[in-house]
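# Coordinates in review
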Amino acid sequence: MAPKGGVQKSQHFRGFAFHKSRGQHILKNAAVSDTMIEKAQLRPTDTVLEVGAGTGNLTVRLLRHAKRVIAFEVDPRMIIELTKRVQALGPELASRLEVVHGDVLRANWPFFDVFVANIPYQISSPLLFRLLAHRPAFHCAVIMFQREFAQRLVARPGDAAYCRLAVNVQLLARVEHLMKVSRNSFRPPPRVDSSVMRIQPRQPAPPLDFREWDGLLRLCFARKHRTLGSLFGQMRVVRLLQENRLLIQRQQQQQQQNEENDVERPMDTTDLLQMAHEDDEKEEVETAESLSSPDSDTEQCQQATALVRFSIRDSSNTRGAGSASGSSSEDESRGFSSSALCLPSARVSILKLSILVTLV
Ligand SMILES: C[S@@+](CC[C@H](N)C(=O)[O-])C[C@H]1O[C@@H](n2cnc3c(N)ncnc32)[C@H](O)[C@@H]1O
């Protein structure tokens, strides 16, 4: 059955239609596949993870260079084609392939050394953060992205494309633009251009509380054209940060009283994963809102700080304080805590921000 979102009926492969909603644009340019594999610098001992194997144009090449390839694919029709194709290559190569049927974002991921994929673009952001949160960390990833998304990944301070995504990804990984790929390299051709990127996780990962960090970034990027100085100079923002501080203090006191034996959950990359899902969507919404509202500076700032404030309440609720009135399920789903968003700590985090942004 065709998934929701439409089928490009004019584009068929061996009798079946490509589903646009699943990002089914087969990479037909063999030179691009070969370059991706070359840039991944595969060793014969490597286990490779591929997402969206499709009919196997990349997969069959990967099998020739790696010890093992684990390929996720959501569409059973593609899996049938892929399996037939790989079996025709002989038992030795076929035995190196493990195909996993299902949505990669819902699956548990195995261990892998290298990630190589021409992914469905609609899952770029969650997939990327899932990658960066994966432990043990992989050696390198070579990924085809939509060009605009790729440009955001490498954007530097001052660039129009500089955003939370850029800061977060560059904080956690070295990101490199490897090559531009035209839409004619795919069948059917997508409406957008593409770029191949190399991503190498920084090891060890910076010792940060990712929820705290992302809470701060949300404030910093709440209004794109506002400087940090003017943002944090606003009385409204300062007042909200002070309120946050009081809330945190109350939360800590309550925690001490009620949960003496409770150990604080260590910060881990799950927090990073959580924020990633919200990253792009939130930014797009914010951009749309800011365009439609000429006087949205303070509103956006209020929204960002209000979200932070709600999250503190939510976080105290999950520790047994009951349900706070006024917190929507959307707020609850955000799940970032804000110990950094109390005033003194926010100053420290701004310092951290400038140091880290300078470093990456
Ligand atoms: C851009 S095509 C790439 C196909 C092939 N790797 C190639 O380069 O020719 C993306 C593939 O990802 C699959 N796909 C889409 N969403 C997926 C998901 N959530 N999990 C796993 N595979 C997915 C699609 O069915 C499609 O085969």
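Here the structure is a predicted model, which is why all the values come from computation and not from measurement. Residue indices follow the written sequence of each chain, beginning from 1 at its first position. Thresholds applied to this predicted model are a pLDDT of at least 70 for local features of residues and 80 or more for the giving and counting of side-chain atom pairs; totals over whole chains, interfaces and linings are not thresholded and use all residues. Excluded from the side-chain calculations are hydrogens and water; all other atoms, namely the structure's heavy atoms, are used.

### What to know about the confidence of the model for the protein
Spelled out, the test is: Here pLDDT means the predictor's own confidence in every residue, given as a number from 0 to 100. The contact criterion used throughout is that any non-hydrogen atoms of two residues lie within 4.5 Å.
Considering every residue of the protein, the mean pLDDT works out to 76; 68% of them sit at 70 or more. Residue range residues 4–10 is modelled with pLDDT below 50. Its contacts to residues more than four positions away, or to other chains, number 14 contacts. For the stretch residues 280–360, pLDDT sits under 50, and the model shows 136 contacts to residues farther than four places along the chain or on other chains. Scored by ipTM, the complex comes to 0.99, with pTM at 0.74.

### Here's the deal with the site of the ligand
Worth spelling out the cut-off: Working definition: residue near molecule or strand if any one of its non-hydrogen atoms lies within 4 Å of it. Within 3.5 Å is the distance limit for a polar contact, defined as a pair of N or O atoms, with the added protein rule that one can donate a hydrogen and the other accept it, and that residues adjacent in sequence qualify only through two side-chain atoms. Computed with a 1.4 Å probe, the accessible areas rest on the Shrake-Rupley method; for each residue, only the protein chains presented here act as cover. Amino acid classes used here: Ala, Val, Leu, Ile, Met, Phe, Trp, Tyr, Cys and Pro are nonpolar; Asp, Glu, Lys and Arg are charged; the rest, including Gly, are polar.
Near the ligand there are 20 residues, and of these Q24, G52, E73, D103 and N118 occur at the shortest range. The separation between an oxygen atom of the ligand and a polar side-chain atom of E73 is 2.6 Å. When the free accessible area of the ligand is taken as 600 Å², the share hidden by the protein chains comes to 96%. Residue classes in the shell around the ligand are distributed as 8 nonpolar, 7 polar and 5 charged.

### A look at the nonpolar core
Formally: In this text, buried Ala, Val, Leu, Ile, Met, Phe, Trp, Tyr and Cys residues form a nonpolar core when linked through side-chain atoms within 4.5 Å. Burial classification: accessible surface area is computed with a 1.4 Å probe over protein chains only, and a residue below 20% of its type maximum counts as buried, one above 50% as exposed, and the rest as partly exposed.
Core analysis: the biggest nonpolar cluster contains 70 residues, and M36, F115 and F145 have the highest contact counts within it. Here M36 is in contact with L27, L58, V116, A117, V142, I143, M144, M179 and V196, once residues within four sequence places are set aside.

### Some points on the side chain of N57
Formally: The secondary structure listing takes helices from DSSP runs of H or I that are at least 4 residues long and strands from runs of E that are at least 2 residues long, numbered from the N terminus.
Relative to the elements of secondary structure, N57 occurs in the loop between β4 (47–51) and α2 (59–65). Leave out the neighbours within four places in its chain, and N57 touches I26, L27, K28, S33 and R85.

### Concerning the UniProt feature "domain: Ribosomal RNA adenine methylase transferase N-terminal" (unreviewed entry) in the protein
Filter applied, for reference: UniProt positions are given in the numbering used here, feature names are shortened, and annotations may be inferred rather than shown by experiment.
On the UniProt side, "domain: Ribosomal RNA adenine methylase transferase N-terminal" (unreviewed entry) is annotated at positions that read residues 32–203 here. With 34% helix and 27% strand, residues 32–203 has end C-alpha atoms that lie 29 Å from one another.

### Digging into the UniProt feature "binding site: S-adenosyl-L-methionine" (unreviewed entry) in the protein
If you check UniProt for "binding site: S-adenosyl-L-methionine" (unreviewed entry), the listed places come out as H25, L27, G52, E73, D103 and N118 in our numbering. Mapped onto the elements of the fold, G52 is located in the loop between β4 and α2. Ignoring anything within four residues of it in the chain, the contact list for G52 reads F72, E73 and N118. The class of D103 is partly exposed, set by a relative accessible area of 32%.

### Brief notes about the environment of S21
Residue placement: S21 occurs in the loop between β2 (16–19) and β3 (26–27). In this structure S21 comes out as partly exposed when scored by relative accessible area, which is 25%. Between the C-alpha atom of S21 and that of L178, which follows or precedes it by 157 residues, the distance is 26 Å.

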